[in-house]
Amino acid sequence: MAARGGFNSRIGFILAAAGSAVGLGNIWKFPFEVGAGGGAAFLVIYLFFAFTLCFPVMAAEIAIGRRTQSSPVSAFKKLGFPRWSGIGYLGLISGLLILSFYNIVAAWAFGYFFEMLRGHFEIAKHFSDYTADWLKIGSYALIFMLGTAFIVSRGVAHGIERAAKMMMPLLLLLVLGLIIYSLTLPNANVGIKYYLLPDFSKVTGAVVYGALGQAFFSLSLGMGALITFGSYVTKQTNVISSAAIITLTDVSIAFLAGLMMFPLVAYVTNGDLGAMADISGEEAFIFETLPTVFESLGPNLGLVIGSIFFLLLSFAALTSTISLLEVPTAFLVDEKKIPRGKATWGVALFIFVIGIPSLLGAGASQFFTQFIQMPEMESPISFMKFVGLIGGSTFLSIGGFLISIFTAYVWKKSNFRQEIEAENESALIRFLRGYVDFAIGIICPIVLGVITVVTILTNYLGVSFS
Ligand code: PHE
């Protein structure tokens, strides 16, 4: 047992789990989904899903981990349901797939940090050439993966916890600094208004579906990352309050990222709402538009603000890649009794290799760039998008659905309840616990079941709902 390690403190666990949650999803994707989905209207839906649907699943994952002190595959066996360890294997595959492409996007951001440091703002106009430069991006990706593996190989307390304790406060500081700065730019008020005034006319079925998928991915649910982190906490760690704090942190950082981004969008578009709508629905904003904003701030200030921004993005990505690598590593340590060091470096190398098609699929190779024509999509999607669709959306929703069913009906509510109950609970915690207890058996499986079916029908079978 001693070889597994564990978090030294509750705050260390919370920061590491929040670090897993806060990632590229929050800063790269969230603000743009908000822009496309009617501003605050999307925000409201997102918050609603995060708390009503994701929070109970998170509590279930942490409870399973804390109870069994095992990584996902072993956890289901330990509870006495070896057949359900399939959930663990599914999570393992999702983790490998997600990290294989996530690391490439992280490498883009990490590389931009150096470009900004050198004042290469014009890189923005050549973003597709940049991503197509497989040797350069491949080197950044290798460095990023090695950095991730280095931290994970050092163990839970010395590696993961320490890194989270350093990076998370820094991340918050950087976001706050950038918010203050962006609020001083011309037209900031127009950006903020656009962000915070809801336009419910833009809310369609697709927007609701997008909000749910985004919330689930952003909270790192459905693949056992939280089971794994939960397996490193002691019985003194309150499951419900921890899950609530992690959810709240993730949602808050996403919200703050929007607050930082929309004044910038308004600034580049001179507050033109039509142009803002175009840009804010566009993920490429970060890599194509933002550097021109930094450039317009002048060579010195632009360099500082630009490099801080991409450093921030790299930190956010790193705390997520750490958790993604920890899941397969913990599997090898627990199930195969492989020492942590060896397991970490071996998995990291393997994931780097399976990420090569994603690396090449950003312009370097025509075959991987236009990899597959999915029904219902206008043009062929890249290998990276394809892997994201399988690992990042389909498998996560299946995983989340199965975890809810397992917790409520196989492991059974009485056991779950025992794990999430604590002495001296406050009224709020008691209320939240009651809600989790109710939602995990009804709301979560129904909604996640529907989402899974819709995902499969629309993306793979070409059924249209609009
Ligand atoms: N939550 C991370 C993000 O928002 C991504 C992630 C998904 C990390 C699943 C771990 C597990 O970027």
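Scroll up to find the structure this text is about.
Residues numbered from 1 in each chain as written. Predicted model: local features only at pLDDT ≥ 70, side-chain atom pairs only at ≥ 80, totals over all residues. Heavy atoms only, no water.

J.: Quick rundown of the packing of helix α5 (residues 85–117) against helix α14 (residues 285–296)? Include the residues and the values.
T.: The geometry of α5 relative to α14 is characterised by a closest axis approach of 13 Å and an angle of 20° between their N-to-C directions. When the interaxial angle is binned, α5 and α14 end up roughly parallel. Note that α5 runs across α14; the crossing there is right-handed. Contacts between α5 and α14 pair Val 105, Trp 108, Ala 109, Tyr 112 and Met 116 from the former with Phe 287, Pro 291 and Phe 294 from the latter. Along the lines of polarity and charge, the residues of the contact of α5 with α14 split into eight nonpolar, no polar and no charged. (Axes fitted to C-alpha atoms, helices over the stretch in contact; angles between N-to-C directions. Helix = DSSP H or I, 4+ residues; strand = E, 2+ residues; numbered from the N terminus. Parallel < 35°, antiparallel > 145°, perpendicular 65-115°, else oblique. Left-handed = near helix turned anticlockwise from the far one by under 90°. Contact = heavy atoms within 4.5 Å. Nonpolar A, V, L, I, M, F, W, Y, C, P; charged D, E, K, R; others polar.)

J.: Tell me about the environment of Ala 316, and please be specific about residues and values.
T.: Here Ala 316 is to be found in helix α15 (residues 299–335). For Ala 316 and Gly 23, which are 293 residues apart along the polypeptide, the C-alpha to C-alpha distance reads 4.5 Å. In this structure Ala 316 touches Gly 19, Val 22, Gly 23, Ile 27 and Leu 171, once residues within four positions along its chain are discounted.

J.: Could you give me a rundown of α15, with the residues and numbers involved?
T.: With 37 residues, α15 should cover 54 Å at 1.5 Å per step; its first-to-last C-alpha distance of 53 Å lies within 8% of that length. Taken as a whole, α15 carries its principal kink of about 25° at Glu 326; the proline Pro 328 stands between one and four residues after it. Most of α15 is tucked away: 29 of the 37 residues are buried. One or two positions beyond α15, positive phi appears at Lys 337, with a value near 55°. (Expected span 1.5 Å × (residues − 1). Bend = angle between axes of the 7 residues up to and from the residue. Buried < 20%, exposed > 50% of the residue type's maximum accessible area, 1.4 Å probe, protein only.)

J.: Go over empty space enclosed by the protein with me, naming the residues and quoting the values.
T.: It is the rolling of a water-molecule-sized probe over the atoms that shows where space remains empty. For the structure shown, the criterion picks out five cavities of 30 Å³ or more. Taken as a whole, the largest cavity holds about 140 Å³ of empty space. Around the largest cavity, the lining comprises 17 residues; the ones closest to its centre are Ser 20, Tyr 102, Phe 217, Ser 220 and Leu 324. Of all elements in the fold, only α1 (10–21), α2 (24–36), α5, α10 (205–218) and α15 reach the threshold of two or more residues within the lining of the largest cavity. Counting residues per element, the lining of the largest cavity draws most heavily on α15, at three residues. (1 Å grid on protein atoms, 1.4 Å probe; cavity = no way out; pocket = protein on both sides within 12 Å on 5 of 7 lines; lining within 4 Å. Points joined across faces, edges and corners; volume = space filled by probe spheres on them.)

J.: Which residues make up the site of the ligand, and what are the values?
T.: The local shell around the ligand holds 14 residues, among which Ala 21, Gly 25, Tyr 102, Phe 217 and Ser 218 are the closest. Between the ligand and the protein, one listed contact pairs a nitrogen atom with a side-chain N or O atom of Ser 220 at 3.1 Å. Burial of the ligand by the protein chains amounts to 100% of its free accessible area of 330 Å². The cavity that encloses the ligand is the largest cavity. Mapped onto the shell around the ligand, the elements with two or more residues apiece are α1, α2, α10 and α15. Each residue belonging to the shell around the ligand can be placed in one class, and the counts come to six nonpolar, eight polar and no charged. (Near = heavy atom within 4 Å. Polar contact = N/O pair within 3.5 Å; in protein donor to acceptor, adjacent residues only side chain to side chain. Areas by Shrake-Rupley, 256 points an atom, 1.4 Å probe, with all protein chains shown as cover. Sits in = over half its atoms within 2 Å of the grid points.)

J.: Go over the nonpolar core, please, and point to the residues and values.
T.: With 165 residues, the main nonpolar core has Trp 108, Phe 309 and Phe 310 as its most contacted residues. What Trp 108 contacts, discounting residues up to four positions off in sequence, is Phe 127, Tyr 130, Thr 131, Ile 137, Phe 287, Ala 362 and Met 384. Within the second largest apolar cluster, seven residues are counted, among which are Leu 90, Leu 389, Ile 390 and Phe 395. (Core = buried A, V, L, I, M, F, W, Y, C linked by side-chain atoms within 4.5 Å.)

J.: Go over helix α20 (residues 413–420), please, and point to the residues and values.
T.: Buried residues of α20: Phe 416, Glu 419 and Ile 420, and no others. One face of α20 carries all of its buried residues, which in axial projection span an arc of 90°. (Arc of directions from axis to C-beta.)

J.: Residue-level account of the pattern of salt bridges, with values.
T.: Per the counting criterion, the structure on display carries 13 salt bridges. Where Glu 419 meets Arg 66, a salt bridge forms, and the shortest distance between an N and an O atom there is 2.9 Å. One end of the pair, Glu 419, is in helix α20; the other, Arg 66, is in helix α3 (residues 40–68), with 353 residues separating them in the sequence. Exposure class is identical for Glu 419 and Arg 66. Each is buried. Across the pair Glu 425 and Arg 433 runs a salt bridge whose closest N-O atoms are separated by 2.7 Å. Here Glu 425 falls in the buried class, since its relative accessible area comes to 14%. (Salt bridge = Lys/Arg side-chain N within 4 Å of Asp/Glu carboxyl O.)

J.: Can you tell me about unusual backbone geometry, naming the residues and giving the values?
T.: Despite not being glycine, Asn 187 has its phi angle at roughly 70°, a positive value. Residue Asn 187 is classed as partly exposed on the basis of its relative accessible area, which comes to 27%. The backbone of Lys 412 shows a phi angle near 85°, a positive value even though the residue is not glycine. Examined against the element boundaries, Lys 412 turns out to sit in the loop between α19 (383–410) and α20. Taking the relative accessible area as the measure of exposure, Lys 412 reaches 45% and is therefore partly exposed.

J.: I'd like a description of the packing of aromatic side chains, backed by residues and values.
T.: One pass over the structure, following the stated rule, counts 41 aromatic pairs. Aromatic pair Phe 110 and Phe 114: ring centres 5.1 Å apart, planes at 75°, arrangement edge-to-face. Here Phe 114 and Phe 110 lie together in helix α5, a separation of four residues that amounts to about one turn. Assessed through its relative accessible area of 29%, Phe 114 is described here as partly exposed. (Phe/Tyr/Trp six-rings, centres within 6.5 Å; stacked < 30°, edge-to-face > 60°.)

J.: Kindly report on a negative patch on the surface, identifying the contributing residues and their values.
T.: Among the surface-exposed residues, Asp 272, Asp 278, Glu 282 and Glu 288 lie close enough to one another that they form a single negatively charged patch. Structurally, Glu 288 can be placed in helix α14. Take Glu 288: its relative accessible area is 35%, and that puts it in the partly exposed class. (Patch = residues over 30% accessible without salt bridge, like charges linked within 9 Å, V, L, I, M, F, W, Y side chains within 5 Å. Lys, Arg positive; Asp, Glu negative; His and termini not counted. Charge placed at Lys NZ, Arg CZ, Asp CG, Glu CD.)

J.: Tell me about the packing of α20 against helix α21 (residues 427–439), and name the residues and values.
T.: Contact pair α20 / α21: the axes reach a minimum separation of 11 Å and the direction vectors enclose 155°. Classified by the angle between their axes, α20 and α21 sit roughly antiparallel to one another. The way α20 lies across α21 gives a crossing that is right-handed. Across the interface between the two elements, Lys 413, Phe 416, Arg 417 and Ile 420 of α20 pack against Arg 433, Val 436, Asp 437 and Phe 438 of α21. For the contact of α20 with α21, the class distribution of residues is four nonpolar, no polar and four charged.

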